[in-house]
Amino acid sequence: MKLIKIFYFFLLFAIIISCEENIVTECEDANQNTGILTKISDIQKDVFDVSCATSGCHAGASLQAGLQLTSGDSYAELVNKTSVLNPNFKLVEPGNSENSFLIKMLKHTGEGTSQMPPSGKLSNSVIDSISAWIDRGALNN
């Protein structure tokens, strides 16, 4: 009987050790959820192209706030550019998402903001990942 208990102990120990690589911590899970938009190209494809760069908004002849968010234009239009709606802020201030007007618009914080996109607020994880991109220096990647 003692031999069987020892066998089960080692079997349980082996299972735990073999599963160790697959254990996901809260931090790792959070990174997976918010790390989906790690580059401007991801943000362009998954956010701007879908929710912003549409006719009558930020694409075409009639641009809202004079802001073009089409592929190939959005980075230059956003990074280190002063907001037309609130000149106290840059649209994207690299390294400082809290002071970036884009994030204020997405979170609808006031300060001259309106809800963007107008069709409804983006998920917090998407906004957080855009903030993380800005905080990492808003690289053109």
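For the structure itself, consult the block above.
Residues numbered from 1 in each chain as written. Predicted model: local features only at pLDDT ≥ 70, side-chain atom pairs only at ≥ 80, totals over all residues. Heavy atoms only, no water.

Overview of the pattern of salt bridges
Note the threshold: The salt bridge criterion pairs a side-chain nitrogen of Lys or Arg with a carboxyl oxygen of Asp or Glu, the two atoms within 4 Å.
Using the criterion set out here, one finds one salt bridge in the structure. The salt bridge involving Lys45 is made with Asp46; its shortest N-O contact spans 3.4 Å.

Things to note about the state of the cysteines
For clarity, the cut-off: We call a pair of cysteine sulfur atoms a disulfide whenever their separation is within 2.5 Å. To sort residues, take the accessible area from a 1.4 Å probe on protein chains only and compare it with the maximum for the residue type: under 20% means buried, over 50% means exposed, and anything in between is partly exposed.
One pass over the full model with this rule turns up zero disulfides. The structure places no disulfide on Cys52, whose sulfur is separated from the nearest cysteine sulfur, that of Cys57, by 7.8 Å. With a relative accessible area of 22%, Cys57 lands in the partly exposed category.

Some details on the nonpolar core
The condition is simple: By convention a nonpolar core is built from buried Ala, Val, Leu, Ile, Met, Phe, Trp, Tyr and Cys residues, the set being connected through side-chain atoms within 4.5 Å. Strands are runs of DSSP state E lasting at least two residues, helices are runs of H or I lasting at least four, and both sets are numbered from the N terminus onward. Residues are treated as being in contact if the distance between any of their heavy atoms lies within 4.5 Å.
The biggest cluster of nonpolar side chains holds 24 residues, and the ones touching the most others in it are Phe48, Leu78, Val92, Ile130 and Trp133. For this core, the secondary structure elements donating two or more residues are helix 3 (40-52), helix 5 (101-107) and helix 6 (124-135). Every residue in contact with Leu78, bar those within four places of it in the chain, is listed here: Phe48, Leu67, Leu69, Leu91, Val92 and Leu102.

A few points about the layout of surface pockets
Put simply, the rule reads: For cavity detection a 1 Å grid was placed over the protein atoms alone, and a set of points counts as a cavity when a 1.4 Å probe fits there but cannot get out; an open set counts as a pocket when protein lies on both sides within 12 Å along at least five of seven lines, with lining residues being those that have an atom within 4 Å of a point. Grid points are joined across faces, edges and corners, and a volume is the space filled by probe spheres set on the points. Classes in brief: Ala, Val, Leu, Ile, Met, Phe, Trp, Tyr, Cys and Pro nonpolar; Asp, Glu, Lys and Arg charged; the others, Gly included, polar.
Reported here for the largest pocket is a volume of approximately 370 Å³. Taken together, 25 residues form the lining of the largest pocket, with His58, Ala65, Leu67, Leu91 and Met105 sitting closest to its centre. Secondary structure elements with two or more residues in the lining of the largest pocket: helix 3, helix 4 (74-78) and helix 5. Residue composition of the lining of the largest pocket, grouped by class: 18 nonpolar, six polar and one charged.

Observations regarding helix 6
Keep this limit in mind: Expected span of a helix, by definition, is 1.5 Å for each gap between consecutive residues, and there is one gap fewer than residues.
Over its 12 residues, helix 6 runs 16 Å from end to end, which matches the ideal 16 Å to within 8%, given 1.5 Å per residue. When helix 6 is considered as a whole, its buried residues turn out to be Val126, Ile127, Ser129, Ile130, Ser131, Trp133 and Ile134. Directly after helix 6, the chain includes Gly137, whose backbone phi takes a positive value near 110°.

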